Amino acid sequence: MPQLTIKHALRSAVQALAPLYGDYSTAAAQQMVSHALSITPLQLAQASHLQCVDKAQWQALQQSIREVVQGKPVEYVLQSIVFHSCTLTITPAVLIPRPETELLVEHILTYAHPSPPRTAWDVCCGSGCIGIALQKHWPQCKVSMSDISSSAIEVAKHNAIQNGQSMEILLGDLLTPIDGAVDLITCNPPYIAQHEFTNLPDSVLNYEPHGALLGGPTGLEYYHRLAADLHLYLSKNGTAFLELGWDQGSQLLDLFRSNRAWSSCTLHKDPWGQDRFLILQK
């Protein structure tokens, strides 16, 4: 095999990924080359692009490229993402955290500033991305997490330890693991409707956990359960933050406003102008 360098590796990855990732292909290639070389993207940027790549590293990169070209999400190939200053392990047991969920964390942090809650709970935690990010920002707050999937719980526990956070992480259905009342609840439940499910991209349908996506026939089933009981698990003046589907805002606003336990129910949009978050103040 001719001598190969980081420059060759990056060029190979960009060329292979360009049809899939377009303008993002360079960034994705940098992630994949970093992964193959077992270095960080920053270390890659600082390295000489004339530095040699050995046979094992080259083969690892080419295998990763083949998996991505075949449709596997790059996040599952690399098994790692950075989410709001947290480095998280991501496996097919959990959803890949989306930019909208990172924005939800921003909304929560902004809303609670300058007085963070004493207790908080991340329901349907998946990888633990929301709860771990909040715990890192609020060291004096007791943030707990729960999920109905035992496989997701294992990933969340691993990620908490990986980010230096000691947290209560419990297995259970929706609100049932919460013992008593907490000051803040956040939840990003499954909200894809049955009729929309088969129209999802193959990269989602073939790799991401269906139980974390499919909300039921209408996609609103989990929210109806939350609307019935959510207020019972919040302390006086407690707050809940829900992520929702882009076309579900008006229905969910009406649903939660029908419960007089809430002093305010407010929709917030994502950067694309779609209703994406519902903030409920008790």
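Anyway, here's the lowdown on the structure attached to this text. Remember, it's a predicted structure, so these values are computed and weren't measured experimentally. Here the residue numbers are simple positions, counted from 1 along each chain's written sequence. Per-residue local features of the predicted model are confined to residues with pLDDT of at least 70, and side-chain atom pairs are confined, for both listing and counting, to 80 or more; whole-chain, interface and lining totals are unaffected and use all residues. Excluding hydrogens and water, the side-chain values take into account all heavy atoms of the structure.

### Quick look at the environment of Leu 50
In DSSP terms, a helix is any run of H or I states spanning at least four residues, a strand is any run of E spanning at least two, and both are numbered starting from the N terminus. With respect to the helices, strands and loops of the structure, Leu 50 is situated in the loop between helix 3 (41–46) and strand 2 (52–53). Think of it in three bands: residues with accessible area under 20% of the maximum for their type are buried, residues over 50% are exposed, and the middle band is partly exposed, with areas taken using a 1.4 Å probe on protein chains only. The exposure class assigned to Leu 50 is exposed, which follows from its relative accessible area of 64%. Separated by 21 residues in sequence, Leu 50 and Ala 29 place their C-alpha atoms 17 Å apart.

### Focus: the nonpolar core
Put simply, buried Ala, Val, Leu, Ile, Met, Phe, Trp, Tyr and Cys residues joined by side-chain atoms within 4.5 Å make one nonpolar core. In this structure, Leu 88, Ile 108, Leu 134 and Trp 138 are the most contacted members of the largest nonpolar core, which totals 35 residues. Of all the elements in the fold, those that place two or more residues in this core are strand 3 (80–83), strand 4 (86–89), helix 6 (99–112), helix 7 (129–137), strand 6 (142–147), helix 8 (150–162) and strand 13 (275–281). In contact with Trp 138, not counting residues within four places along its chain, are Ile 108, Leu 109, Ala 112, Pro 116, Pro 117 and Leu 184. Judged by nonpolar contacts, the second largest core, of 33 residues, contains Tyr 222, Leu 234, Ala 240 and Phe 256. Contacts: residue pairs with any heavy atoms within 4.5 Å of one another.

### A word on the packing of aromatic side chains
We call Phe, Tyr and Trp rings a pair once their centres come within 6.5 Å, taking the six-membered ring for Trp, and we label the pair stacked below 30 degrees between planes, edge-to-face above 60, and tilted otherwise. Under the definition given, this model contains two aromatic pairs. Relative to Tyr 24, the ring of Tyr 21 has its centre 5.6 Å away and its plane inclined at 50 degrees; by these criteria the two rings are tilted. With a relative accessible area of 36%, Tyr 24 lands in the partly exposed category.

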